[in-house]
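The residues making up each chain are set out below.
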Amino acid sequence: MPNMSLHKLPAREQAPDIRNTNFEEVSQGYDENMAVEEAARCLQCKNRPCVAGCPVNVDIPAFIAHIAKGEFMESYGAIRQTNSLPAICGRVCPQETQCEQLCVRGIKGEPVGIGRLERFAADYAMGHKKEDGAQKTQKRAPNGKRVAVVGSGPAGLTCAGDLAKLGYEVTIFEALHTPGGVLVYGIPEFRLPKALVREEIATVENLGVAIETNTVVGRAMSLDELMNDEGYAALFIGTGAGLPNFQKIPGENLNGVYSANEFLTRINLMKAYAFPEADTPVRVGKSVAVIGGGNVAMDAARSARRLGARHVYIVYRRSEKEMPARAEEVHHAREEGIIFRLLCNPTAIEGDENGEVARIRCVEMELGDPDASGRRRPVVKQGSDFTLEVQTVVVAIGNSPNPLIKNTTPGLKTQSWGGIIADEETGETSKPFVYAGGDAVSGAATVILAMGAGKKAAAAIHEKLSAK
Ligand code: FAD
Ligand code: SF4
Ligand code: SF4
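All of these numbers come straight from a predicted model, not from anything done at the bench.

The rules we used
Residues numbered from 1 in each chain as written. Chains lettered and ligands numbered in written order. Predicted model: local features only at pLDDT ≥ 70, side-chain atom pairs only at ≥ 80, totals over all residues. Heavy atoms only, no water. Buried < 20%, exposed > 50% of the residue type's maximum accessible area, 1.4 Å probe, protein only. Helix = DSSP H or I, 4+ residues; strand = E, 2+ residues; numbered from the N terminus. Pairing = 2+ DSSP bridges. Right-handed = clockwise from strand over helix to strand, strands pointing away. Domains from an automatic or database assignment. Contact = heavy atoms within 4.5 Å. Buried area = accessible area lost by both parts, 1.4 Å probe. Patch = residues over 30% accessible without salt bridge, like charges linked within 9 Å, V, L, I, M, F, W, Y side chains within 5 Å. Areas by Shrake-Rupley, 256 points an atom, 1.4 Å probe, with all protein chains shown as cover. Salt bridge = Lys/Arg side-chain N within 4 Å of Asp/Glu carboxyl O.

### Some words on the pairing of strand S10 (residues 311-316)
Within S10, five of the six residues are buried, leaving the element largely enclosed by the surrounding structure. Two strands pair when backbone bridges link them, and strand S9 (residues 287-291) and S10 are joined in this way by five bridges, in the parallel orientation. Looking at S10, one finds that Ala289 is bridged to Tyr313. The β-α-β motif built from S9, the intervening helix H14 (residues 295-306) and the parallel element S10 has right-handed crossover chirality. Both S10 and strand S11 (residues 339-342) contribute to a ladder of four bridges, which runs parallel. From the neighbouring strand, Ile314 faces S11, where its bridge partner is Phe340. One crossover worth recording links S10 to the parallel S11 by way of helix H15 (residues 327-335), and it is right-handed.

Set out below in structure tokens:
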């Protein structure tokens, strides 16, 4: 009997006033009974509309049907057919604009909690590894061909894992000392525990993928050297978009102004989240302004709150409807006491006599006609200037691809804003046997789109090298 409740079963969560003082995971997911109950809301639609909303085509009705029958390992096996990082996607995918947006249960109520169920299956499998037949991924015999992957974010990890399964000898070159890309240095512990990311990376390593950290391609060696001197038959570039954008307003060079990248990297990679056991290598004032309205802004604001800031403002120039952040993150941020100053735009950051941030000047905005992105253009409301007294400002208005690879790779064509030009279906670039995908091509996007691009490129590389 299907469960006809109109509401998605809420997941267990830490209470807002407790979690805003710690870095432990906010959501504790479903237990077994809750997962079975929510799975029973799925109608097992024959035309499977939800699947079309998933960039990696997870067989959603199949994995949910297994959960409904208590077959949790089988459920995980069904997800793993097309998704190599389910514990991560179940937590961070913007489900409301992807799989869940197309769920028929969403027409008259809330959609099935597909993300929460995916997370449940993945977590269950991690906790029951020994009984896990599903984890024994089929792997072909070595084919003697080597492929290099640059960058160990979700695009690179997925591409590497898929190629290893096909018998390739794959090496990932990663600039930082830890693999994982944004999953490790960007998304905070309270949303994506790092132990879990390490487990997902270990799954890729268990397929035989080698990861060389502390290796900046473009400095240590060029792409051409990897191909011509090191004998790699093909390359995949998954270097992400790690170069922060600034608004270019006065005062951005004051002490106490951070890019969100720097702010979050210090907290995540330098373990400020483990405060007080680790020294906090980031200074957070009593009042903090975070400029931007995406996931990055929410993560920075919620991290600042956890590090002791009393007033944390999100300053965003459009309205809540236009905010690119996941709905759940906005909801959680509000519950944790983040103050939203919507339809507001900063015009200058002002400092004290020591060059430290003292306040941020803003103007109010109203929405005018739609711009090129289809979103209504914010226009300044005359005479609406105001100031917020803050000691820290975090700029989270987007990132662009780092130009290093472009500048050191002759013949690699890029967009005017720095994105690598690559075929949407295959990831093929302007250079023979060089493929690219993820944020390095699209600009800052999502984990699942980066994984999808890594997957498509792996299939295209295999086709190309098989024909050689
Ligand atoms: P990345 O994850 O950026 O990985 C690129 C890797 O390449 C990095 O490890 C980098 O060090 C390495 N690299 C770069 N240059 C070189 C070089 N020259 N040599 C060697 N290695 C190099 N998406 C969601 O779907 N949901 C979310 O909730 C979400 N929240 C986010 C929160 C934050 C704070 C941020 C920053 C992003 C968030 N995103 C979210 C976006 C998502 O994380 C990215 O779209 C995704 O990680 C892109 O994957 P990627 O593999 O293309 O690049
Ligand atoms: Fe939905 Fe993301 Fe899972 Fe696909 S991978 S089913 S989009 S949560
Ligand atoms: Fe189940 Fe919703 Fe997909 Fe239908 S659309 S199969 S109800 S998850």
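### A closer look at the domain arrangement of the chain
Considered domain by domain, the chain is made up of domain 1 (12-127), domain 2 (146-242 + 400-466) and domain 3 (246-397). The C-alpha centroid of domain 2 is placed 27 Å from the C-alpha centroid of domain 1. Counting residues at the interface gives 22 residues for domain 1, matched by 21 residues for domain 2. Buried surface at the junction of domain 1 and domain 2, summed over both partners, amounts to about 2000 Å²; 74% is from carbon and sulfur atoms.

### As for a nonpolar patch on the surface
On the surface, Met4, Leu43, Val104 and Ile107 cluster together into a nonpolar patch covering about 390 Å² of accessible area. By the element assignment, Met4 lies in the segment before strand S1 (12-13).

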